[in-house]
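Summary of the model geometry
Here's the letter readout for the chains.
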Amino acid sequence: MKKEFLPVAVAILAGSFLLVSHASATSATEEYDEDAFGPQDPIIWDEPAKASFDHKIHTDDYGLECDSCHEDVFAMEQGIAPESGNFTMAAMAEGQFCGACHDGDTAFASNTNCIACHAVPEDPIVWTKPVKAVVFYHKAHTEDYGLDCDSCHDEAFAMKAGAAENAPDFTMKALYKGKYCGACHDGETAFASNTLCNTCHIGKKGYDRMMGVEPHAEKKGTHGGH
Amino acid sequence: MNVEELEKEKNEGVNSIPSTERRNFLKMGLAVTGVFLGGTVLSLTSVKTARGGNADSVIPAEGQYPYTKHYGMVMRQNNCIDCEKCLDACRETNHVPLEHDAWRTNIQERLTTVDGVEKREFRPILCNHCNRPPCVRVCPTKATYKDPETGIVVMDYKKCIGCKTCMAACPYNARYFSHDKYAIDKCNFCLDTRLAAGEKDTACAAACPADVRIFGDIKDTSTRIYKLLHEPDKKIWVIRPECGALPNVFYMNA
């Protein structure tokens with residue numbers, strides 16, 4: 001019985017190996033042509049704000065040529081645009097950079113469809129001023145409650161990280177007057193700002209836990225002499 | 001007394017005295033002893049009239065404040081966001097060493113999950129300045145006592161021998177050993193650091209951005225703490241009421 005079983009098993013193994021090798025051979029022949037379509041991996045900018053650009057979508061999918069953008073709109077060399085100091089949404093609205101096409105006619109306007117290029121931050125925003133600490137989850141607000149970027153940006157909150165935190169009026173009093181979170185958290189659209197404090201306020205303990213700060217780490221060894 | 005009726009009852013013998021009878025007898029005995037010893041043995045504090053609550057309330061009743069001023073604190077607990085500005089202010093004002101077991105005030109955290117949603121609660125704690133302070137009762141040198149002027153439980157560092165019996169006795173774990181003073185130290189409602197200088201509130205209360213800590217004289221009907229304690233529709237509680245220490249730190253939700 002065992003001896004009859006062995007050749008079958010070998011056949012199956014060999015067959016599956018052939019299948020796998022065949023599959024990899026086909027993908028090798030249809031390999032992405034970087035010379036024709038540009039870099040395969042998306043370009044990811046960190047400054048002035050995190051954004052990504054996928055060459056493949058623009059060339060392979062939409063049929064643009066390299067010289068559609070290079071070098072009039074974007075230099076070939078990496079890092080030129082963010083270093084220009086002018087790589088902003090305002091400049092794009094004036095037709096620079098992506099705004100050369102993303103003007104609402106040729107392609108979607110640069111002040112719409114934010115998440116086509118900008119990702120909703122995965123990590124929670126953690127404010128430590130004026131009090132430690134307050135969390136905000138983009139995902140909960142966009143995915144669970146269906147808000148768009150422009151529900152809050154730029155009227156209630158500037159896009160720029162730390163803008164609210166460093167503003168002197170980023171206080172509960174301002175929230176009660178409808179500023180910042182208070183634009184929605186007014187008791188009608190969303191729960192009122194003066195209720196459910198600890199939904200957003202995680203405290204110093206919550207902050208330390210989130211940041212992996214070891215409790216009492218800084219307080220050790222103060223009494224070695226005794 | 002109907003003797004004829006009682007004679008029909010079965011004799012219960014001396015081993016089964018009803019508990020009420022037993023209790024009355026004990027009370028009588030204790031009362032007699034108390035009288036002979038001038039009340040000092042039985043009363044838990046040196047202040048004989050110390051009372052903190054009536055039968056169904058943790059709030060002191062009118063006319064039962066044995067101190068000239070009677071300081072206390074109300075915590076509007078659900079307003080606390082654990083920003084710990086109070087802790088920093090306390091450490092700075094009262095020179096509390098930066099060690100994890102040395103604190104005059106602290107914030108406790110409780111995490112629970114309700115219907116899959118994480119809930120967090122914060123509770124500020126400090127010395128409860130009890131009317132019947134177990135720490136005072138156990139101190140062998142009278143180094144800790146109720147200040148008759150203010151009702152604050154204070155320390156006389158010179159008398160403290162560092163036996164830590166008060167630390168063990170305190171139901172609120174509100175005492176720590178100060179290596180600098182080589183004595184037990186604790187919250188004293190900023191008596192020496194702020195109240196003596198004419199300040200009206202403690203460092204923690206002054207630092208709180210969320211209006212959690214309301215400090216004041218609960219005897220004075222014009223104070224905010226008095227008004228908060230006497231809002232009829234508010235539920236007020238204390239920590240560990242069952243230990244009978246009659247604390248003067250009260251908790252409510254804002």
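Up top is the structure.
As a starting point, this report considers the structure included with it. Everything numeric here is computed off the predicted structure, so don't read it as measured data. (Residues numbered from 1 in each chain as written. Chains lettered and ligands numbered in written order. Predicted model: local features only at pLDDT ≥ 70, side-chain atom pairs only at ≥ 80, totals over all residues.)

Quick notes on the pairing of strand E8 (residues 213-217) of chain B
Residues and elements named next belong to chain B. Burial runs high along E8: five of the five residues are buried. Here five bridges tie strand E1 (residues 71-76) to E8, and the two strands are oriented antiparallel to one another. Bridge pairing links Met-73 to Phe-215 in E8. (Buried ≥ 20, exposed ≤ 12 C-beta atoms within 10 Å, placed from the backbone. Helix = DSSP H or I, 4+ residues; strand = E, 2+ residues; numbered from the N terminus. Pairing = 2+ DSSP bridges.)

Some remarks on the environment of Cys-170 of chain B
Residues and elements named next belong to chain B. Position of Cys-170 relative to the elements: it lies in the loop between helix H5 (165-169) and strand E6 (175-178). Along the primary structure Cys-170 and Cys-127 are separated by 43 residues, whereas in three dimensions their C-alpha atoms are 8.9 Å apart. With sequence-adjacent residues up to four places away left out, Cys-170 is seen in contact with Pro-134, Cys-135 and Arg-175. (Contact = placed C-beta atoms within 7 Å.)

Description of helix H10 (residues 203-211) of chain A
Within the sequence span of H10 of chain A, burial applies to Gly-203, Lys-204, Lys-205, Gly-206 and Tyr-207 of chain A. Buried residues belonging to H10 of chain A abut strand E3 (125-127) of chain A together with strand E2 (105-114) and strand E3 (117-126) of chain B.

Observations regarding unusual backbone geometry
In this structure, Pro-130 of chain A follows Lys-129 of chain A across a cis peptide bond, with omega equal to 0 degrees. Cis geometry is adopted by the peptide bond preceding Asp-154 of chain A, which originates at His-153 of chain A and carries an omega value of 0 degrees. You can see Asp-154 of chain A is positioned in the loop between helix H7 (149-152) and helix H8 (172-176). Positive phi, close to 50 degrees, is recorded for Tyr-180 of chain A, a residue that is not glycine. Although it is not a glycine, Asp-211 of chain B sits at a positive phi angle of roughly 55 degrees.

Quick notes on the environment of Pro-124 of chain A
Residues and elements named next belong to chain A. Relative to the helices and strands, Pro-124 is located in the loop between helix H5 (89-93) and E3. On the basis of neighbour count, Pro-124 is assigned to the partly exposed category, with 15 C-beta atoms found within 10 Å. When the C-alpha positions of Pro-124 and Cys-149 are compared, they lie 15 Å apart, and in sequence the two are 25 residues distant. Every residue in contact with Pro-124, bar those within four places of it in the chain, is listed here: Val-135, Phe-136 and Tyr-137.

Geometric descriptors of this kind do not, in isolation, establish any biological role.
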